[in-house]
Amino acid sequence: MDGSTLPETRSTCPYCGVGCGVLLRPDGQGGLSVRGDPDHPANFGRLCSKGSALAETTGLQGRLLTPQIADKPSDWDSALSKVADTFSQTIADHGPDSVALYVSGQLLTEDYYVANKLTKGFWGTANIDTNSRLCMASTVAGHRRAFGSDTIPGTYEDLEQADLIVLVGSNLAWCHPVLYQRIMAARKTRGTKLVVIDPRRTASCDGADMHLALRAGSDVALFNHLLATLEQQDCLDADYLSNVDGVQDTLAAAQATDASATGLDEATLAEFCTLWAKTDKVVTVFSQGVNQSSNGTDKVNAILNCHLATGRVGKPGCGPFSVTGQPNAMGGREVGGLANMLACHLDLENETHRTAVSGFWNSPGVPDRPGLKAVDMFRAVNDGRIKAIWIIHTNPAVTLPDADMVRAALAGCDFTVVSDITAATDTARLADVVLPATAWAEKDGTVTNSDRTISRQRAIIPAPGQARPDWAILAEVGHRMGWPSAFDYTSPAEIFREHAALSEIAGTFGRNFDISGLQDLSDQDYADLAPTRWPISIKRSGGRFYADGQFNHPNGNARMLPVHHSQPDPIPLGQTRLPPGTSLRLNTGRIRDQWHTMTRSARSPRLSAHLAEPYVDINPSDAKALGLQPADLVKLSNPQGQAILRARITTDVQPGNIFAPIHWTGETAPTARINALVKPVVDPVSGQPDSKASQVTAQRLQAAWYGFAVSNQAMQLGPSYDTIQQSDRTCAYWAQARTKTGYRAELAGLTEINDWETYARALFELPDAELQQLTDKRRGLTRLALHQNGEVQAALFVAPEPVAVMRDYLVGLPGTAAPQILTGVTPADQPDPGPILCSCFGIGMNTISDAIATKGLMTVEQIGAALSAGTNCGSCQPEIAALITTVRDKKTEKEELCS
Ligand code: SF4
C-alpha cells in the first residue's frame, strides 16, 4: 500500500521528559513519516530537532536481530534458559543480593513494572536501579523530604500562566526544547520574565531577561539568600505556613547564609530577589544542574523552601517544577524502579506497605531494605558481591561516573546480560548474553512525562528479526525461574491494569499516585487511551497538588528543611588531591541534537550535522595559560581517567570551569568518554552522582598530524574498545559521525605516517580505487581522494595543525564526480554554508551570518522568512538570536572604528 494512504497513529516521542505527542505514518517501505500531534497537551503539534528527525532513526542498520550468547547468534529458547538458569543458580549459591537489574528511563511503564516485580517480589532483592538515578534522584529525595511524596505539584500550563520563570541548572532550550518554545510563546503574549541561573552561559540565556552566572555549586547559598530576603521583605505566606513544619529552623539557616558564596554582586542579587518577591506567579524550573550534585537534594529543598514559604505551590502559574531528562523517568518513579522505592510510591522501609505489595503480587515477600543504588551497584559488580547483572536499554560503561572502572567491572563480572536494540554499544560488547529488544516505534505501552501525563506509545512498525518487547522477555525469565502464574502476561494492557489496581492500594495509604480508575480498561480502551494526567480519580484544581496545603507526611503538613551552603569536595577520601592551580572544574551535560549515548540519534545525518565532534568549552584565560589555540585537541586527566577533546575557547564558561558533552562513546569517539573522568561522588541522601564538579588537569595534545576524512562508508578507525593509555597506536584520536552521503571523521596521531596512501586505503577499505593525491612537503600537507566509476568514494586531508578545510562542503561530495575535491574549499561560485545551525533545513552559520550582514535581517522571524531557518522545529532559534547579536555587534564595532 502507498504510505500516503495509510492512517496516522498517535504515539509519543521517545527522547526527553517533555513527552511530546507524535503522529506516525508508515511510508510503505519500512520507514515512517513523523509530525507533532496538534492535540497532545505536551506539545500541541510542536517538535524539536530530535523529535523531527525520528524517522531517520528507525532503519535496520546496526540492529540486533537474534539473541547472542558469547558473541555468537543463538535462539530465544537457549538464551532465555541461560539467563534464567544462571540467575537462579547465582541466587541459590550466593543469595539474592548477588544479582541485580540495571534498567532505564527508556523502558515503558509496563516493562518497568515487570522488572520491578521480578526483582523485589520474586528474586528477593531490591537490587534494581535505573539510569534515572543519574538524572533526577535528588528531586525524588527532595520532594519526599518536603511533601512526604515524590509528587510534581504543577503542570505545563503553569509555564504559560506564570509571570516569572526561573530556570535553575537547566539548559531548557537544548534539553527540553518544546517547553522552552512554550515559554518563549508565553513571553510574546504576556511578557513573562525569564531568569536563567547557571554558571555557564547556554542557549537558554539568549531569550532571558537575566542570566545569573553564579559560582558553580552555590545554588543553596543563592536560594537561602532569596528566602532570607523574602522574609525581610515580609513576603512569607503566614496562612500557608500554618501547614508547614520546620519554618523557623529553615529561616534561621537562610539568614545565616553568606550570599557572597554565589560570586554574584549585590545589585544582581537584589534585582533577582526583588523580581521574585514582587511577582506572585513564579515557576522555578530545575533540572540536572541542580540534581547532579553531591548536595543535590539540599539544592532541591532550598528551592522548595522558597515556594513553600510564599505559598507559591500548586496554584496556577506557581510552583517548583523539576523536568526529567528521560521519556519515562516518571513512569519509573511510579512503578518504584529505584532501589529505595516500592511500587506506586509506597515505601520499602514500611512493613505495612511491603506486606500489602507482596500480598498483591502473591510473592514470597519484599526485601525490607533498599537495594544498591547505581554507583554502589557497579562497585559491587567490581568487587564481586554482584555476580550476575542484567542491563536493559542503557549503557553504563559510558554513562556511569568512573566509567573505566565500570567497564572493567563488567568485563570481569561472572555473568552479564544486556537487552538492547543493538549489540554495538560499549556495554553490550562486554555481555555474555545479548537479547534483541524492540525499538520505540515497535513498542506498545505507556510513558509518563514531567507533568504526570500518561501517554500511549504505540507499535507501528513490525518488530524486526527476533526482537521482542522488554516486558515479554522479563516475564519469560520470571516464568522459567519458577513463577509462571505471576508472570503470565499476554499483553501490556494486562500489565497496565495490574499496575493501576495496585495504585488503588497505594491510594488507601494516602499516596498521590492513584490511577485505579483505569484498572478496568478493556484492551480496546487501553489501545485508544488518550493522554491522561494523574491523579485521575480525585478532582483537583487543574490537576495540581498542594495548593490546599494538604501534604503527604503523616501529619498532613509539608516540611521546610534547613539547608546549608557547603562547597562540595568532589575528591573522594583516599584519593590524591590535584596540585592547586592546575585543576579545572569539569561540568558535563547534553547538546541540542544528540541523545544519551547516541544509539539512536547518531543514525540521523541531520542531527549529526549540528555538532559532529566531541568538544570541551574552556575560558580564554585558561586557554591562554595552557597555550591552547582554537580547535586544538586537549587532553584532560585526573586520577580517575583521561579524555581527548576538541577545544572550543569561549567565555560561556567561567575561568577555572570547563564543559564537555556526555554523548560520545567507544563506538563514536573512544577517547571522548567523558564519564571516565567523573568521580563517583554521590549525594548522601539521593545517591545521585555529582556529574558537574570533578577536578581535571588539561594540556594541549602534541599530535604529530591531524586529519579530516569523508567517505561513503563507515571508516575503519581502530578498535572501539581502545583506551588512551594504548594510544601510541597509529590514530590516537578519532571521532566519526554520519552525513547525508556517508560518514565524516576527525583524526589525529602521535607518530608520523610515511605512507598515506596505504593508510587511506586501509581506512576506507578501498584497496583498488583510483588515487588522486596532492602533497606539499614543505607545509607537511597531504590530501588524497579515492575514486571509483568516476565518483569520489572517500577523501583524506592531513596537516601538521588542525586541518583547515570547508567541512560542510566536503561532506556532500562522496558519490559525486568532484574533480576539485582536493582543494578542500568550495568553487568560487559556490558559497560555504558553514557549520549547520538549522538541522531541519540544513542551513549553515555562514549562510545566516551573510543574510544578517547583507540583508539587514535583525530578528529570528526575519531570518525565518528569508531562509526558512528556525521555522520548523524552532530548536535553533536561540542560536540564531545569538548569531544576530554577534553579527550586529561586530558591524557596530566596525562602524565605530571607521567613523
Ligand atoms: S522536546 Fe523534543 S526530544 Fe523532548 S519529547 Fe519533545 S520532540 Fe521529543
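Residues numbered from 1 in each chain as written. Predicted model: local features only at pLDDT ≥ 70, side-chain atom pairs only at ≥ 80, totals over all residues. Heavy atoms only, no water.

The next thing to look at is the overall build of the protein chain. On a plain count of helices and strands, the protein chain comes out with 28 helices and 34 strands. On C-alpha atoms alone, the protein chain measures out to a radius of gyration of 27 Å, which is about the 29 Å that the 2.2 N^0.38 rule sets for 899 residues. Here the protein chain holds 899 residues, and the buried ones make up 63% of them. Counting contacts in the protein chain only where the partners sit at least 6 residues apart, residues at least 24 apart contribute 72% of the total. Accessible surface computed for the protein chain: about 31,200 Å², of which carbon and sulfur atoms make up 49%. Positive and negative charge centroids in the protein chain, built from 78 and 96 side chains respectively, lie 3 Å apart. (Helix = DSSP H or I, 4+ residues; strand = E, 2+ residues; numbered from the N terminus. Rg over C-alpha atoms; globule rule 2.2 N^0.38 Å. Buried < 20%, exposed > 50% of the residue type's maximum accessible area, 1.4 Å probe, protein only. Contact = heavy atoms within 4.5 Å. Areas by Shrake-Rupley, 256 points an atom, 1.4 Å probe, with all protein chains shown as cover. Lys, Arg positive; Asp, Glu negative; His and termini not counted. Charge placed at Lys NZ, Arg CZ, Asp CG, Glu CD.)

This part is about the environment of lysine 373. Relative to the helices and strands, lysine 373 resides in the loop between helix 15 (351-361) and helix 16 (374-382). Here the alpha-carbon distance between lysine 373 and histidine 393, two residues 20 residues apart in the chain, equals 17 Å.

This part covers the sheet that holds strand 12 (residues 282-286). Judged by pairing direction, the sheet is parallel, and its five strands sit side by side in the order 10-9-8-12-13 without closing on themselves. At either end of the open sheet lies a strand with only one pairing partner, and these are strand 10 (210-212) and strand 13 (319-322). Neighbour-to-neighbour, the strand axes of this sheet turn through a mean angle of 20°, independent of strand direction. In this sheet, strand 12 lies alongside strand 8 (residues 164-168) in parallel orientation, the contact comprising five bridges. Bridging from a neighbouring strand, valine 168 pairs with phenylalanine 286 of strand 12. (Pairing = 2+ DSSP bridges. Axes fitted to C-alpha atoms, helices over the stretch in contact; angles between N-to-C directions.)

Right, let's get into the sheet that holds strand 1 (residues 9-12). The strands that make up a sheet pair up through hydrogen bonds in the backbone, lying either parallel or antiparallel. What the three strands build is an open sheet, ordered 1-2-3; its pairing is antiparallel. The two strands at the open ends of the sheet, each matched to only one other strand, are strand 1 and strand 3 (32-36). Neighbour to neighbour, the strand axes of the sheet diverge by 35° on average, direction disregarded. Alignment of strand 2 (residues 21-26) against strand 3, held across five bridges, turns out to be antiparallel.

With that out of the way, let us pick up the site of the ligand. Around the ligand, the surrounding shell consists of Cys13, Tyr15, Cys16, Val18, Gly19, Cys20, Leu47, Cys48, Lys50, Gly51, Pro177 and Val178. Of all the secondary structure elements, the ones that give two or more residues to the shell around the ligand are helix 1 (49-52) and helix 7 (177-190). Considered class by class, the residues forming the shell around the ligand number nine nonpolar, two polar and one charged. (Near = heavy atom within 4 Å. Nonpolar A, V, L, I, M, F, W, Y, C, P; charged D, E, K, R; others polar.)

So, on to the pairing of strand 6 (residues 99-103). Extensive coverage of strand 6 is indicated by the burial of five of its five residues. In strand 6, alternate side chains face the same way, and those of Val99, Leu101 and Val103 on one face and Ala100 and Tyr102 on the other are all buried. As defined by bridge partners, strand 6 adjoins strand 7 (residues 128-130) across three bridges and the pair is classed as parallel. If you follow valine 103 over to strand 7, its bridge partner there is threonine 130. What joins strand 6 to strand 7 is helix 3 (residues 109-123), and the crossover it makes is right-handed. (Right-handed = clockwise from strand over helix to strand, strands pointing away.)

A word on the confidence of the model for the protein chain. Summary statistics for the protein chain give a mean pLDDT of 92 and a share of 95% for residues scoring 70 or more. Note that residues 570-578 has pLDDT below 50 and, in this model, 22 contacts with residues that lie over four places away or in other chains. Contacts of residues 720-728 to residues separated by more than four positions or lying in other chains number 19 contacts, the stretch itself having pLDDT below 50. (pLDDT = per-residue confidence, 0-100.)

Of all the 11 residues making up helix 4 (residues 137-147), nine are buried; the element is thus mostly covered by neighbouring parts of the structure. Among all positions of helix 4, only Ala137, Ser138, Thr139, Val140, Ala141, Gly142, His143, Ala146 and Phe147 are buried. In the stretch just after helix 4, glycine 148 is the one whose phi turns positive, near 85°.

Another point: helix 10 (residues 247-255). Inspection of helix 10 places Val247, Thr250, Leu251, Ala253 and Ala254 among the buried residues, and these make up the whole buried set. Down the axis of helix 10, the smallest arc covering the buried residues is 160°, so these residues share one side. Those residues of helix 10 that are exposed and angled more than 90 degrees off the buried face are Gln248 and Asp249. (Arc of directions from axis to C-beta.)

Most often, soluble globular proteins keep nonpolar side chains buried together rather than apart. Judged by nonpolar contacts, the single largest core of 109 residues is most densely connected at Phe87, Trp123, Ile197, Phe272 and Trp390. Setting aside anything within four residues of it in sequence, one finds tryptophan 123 in contact with Phe87, Ile91, Pro96, Val99, Ala100, Leu101, Leu118, Trp390, Met481 and Trp483. Grouped together as the second largest cluster of nonpolar side chains are 94 residues, Val22, Leu54, Ala703 and Val803 included. (Core = buried A, V, L, I, M, F, W, Y, C linked by side-chain atoms within 4.5 Å.)

The buried count for strand 29 (residues 742-749) comes to eight of eight residues, which makes it a mostly enclosed element. Alignment of strand 28 (residues 733-739) against strand 29, held across seven bridges, turns out to be antiparallel. Across the sheet, the residue bridging to glutamine 736 is alanine 745, located in strand 29. Taking the residues that link successive antiparallel strands as the turn, the strand 28-strand 29 hairpin has two residues.

A few words now on the packing of aromatic side chains. Counted by the stated rule, this structure contains 21 aromatic pairs. Ring plane angle 55° and centroid distance 6.4 Å describe the contact between phenylalanine 87 and tryptophan 390, whose orientation is recorded as tilted. One end of the pair, phenylalanine 87, is in helix 2 (residues 76-94); the other, tryptophan 390, is in strand 14 (residues 388-392), with 303 residues separating them in the sequence. Using a relative accessible area of 0% as the deciding quantity, one classes tryptophan 390 as buried. Judged by centre distance (5.9 Å) and plane angle (75°), the rings of tryptophan 705 and tyrosine 759 are edge-to-face. Within this pair, whereas tryptophan 705 is found in strand 27 (residues 705-711), its partner tyrosine 759 is found in helix 24 (residues 756-764), the two being separated by 54 residues in sequence. For tryptophan 705, a relative accessible area of 2% corresponds to the buried category. Among the residues examined, tyrosine 759 registers a relative accessible area of 15% and is labelled buried. An aromatic cluster is present here, built from Phe147, Tyr240, Phe513, Trp534, Phe545, Tyr546 and Phe551 joined pairwise through their rings. Over the aromatic face of phenylalanine 487 sits the side chain of lysine 117, whose NZ or CZ is 5.4 Å from the ring centroid. Of note, arginine 648 hangs over the ring of tyrosine 615, and the distance from its end group to the ring centre comes to 3.8 Å. (Phe/Tyr/Trp six-rings, centres within 6.5 Å; stacked < 30°, edge-to-face > 60°. Lys NZ or Arg CZ within 6 Å of the ring centre and 35° of its normal.)

Before going further, it helps to spend a moment on unusual backbone geometry. Glycine aside, negative phi is the norm for most residues, and most peptide bonds take the trans geometry. Of note, the amide linkage connecting tryptophan 534 to proline 535 takes the cis form, showing an omega dihedral of 10°. Examined against the element boundaries, proline 535 turns out to sit in the loop between strand 19 (532-533) and strand 20 (558-559). Even without a glycine there, the phi angle at phenylalanine 44 is positive, about 45°. In this structure, phenylalanine 44 sits in the loop between strand 3 and helix 1. Overall, the relative accessible area of 46% leaves phenylalanine 44 in the partly exposed class. For cysteine 344, which is not glycine, the phi torsion reads 55° and is therefore positive.

In this structure, asparagine 675 sits in the loop between strand 25 (657-661) and strand 26 (694-700). Under the relative-accessibility criterion, asparagine 675 is labelled buried at 5%. One polar contact links the side chain of asparagine 675 to the main-chain carbonyl oxygen of valine 398, over a distance of 3.2 Å. What asparagine 675 contacts, discounting residues up to four positions off in sequence, is Val398, Thr399, Leu400, Pro401, Asp402 and Ala403. (Polar contact = N/O pair within 3.5 Å; in protein donor to acceptor, adjacent residues only side chain to side chain.)

The next thing to look at is the pattern of salt bridges. Scanning all chains against the criterion turns up 44 salt bridges. One salt bridge connects arginine 369 with aspartate 97, and the closest N-O pair in it is separated by 2.6 Å. Highlighted residues: arginine 369 in the loop between helix 15 and helix 16 and aspartate 97 in the loop between helix 2 and strand 6, separated in sequence by 272 residues. Judged by relative accessible area, aspartate 97 falls into the partly exposed class, the value being 34%. Measuring nitrogen to oxygen at the nearest pair gives 3.4 Å for the salt bridge that ties arginine 646 to glutamate 746. (Salt bridge = Lys/Arg side-chain N within 4 Å of Asp/Glu carboxyl O.)

A separate point is the environment of aspartate 488. Following the sequence through the fold, aspartate 488 ends up in the loop between helix 19 (470-480) and helix 20 (492-508). Residues aspartate 488 and glycine 17 lie 471 residues apart in sequence; the distance between their C-alpha atoms is 31 Å. Discounting residues that sit within four places of it in the chain, aspartate 488 has contacts with His479 and Glu494.

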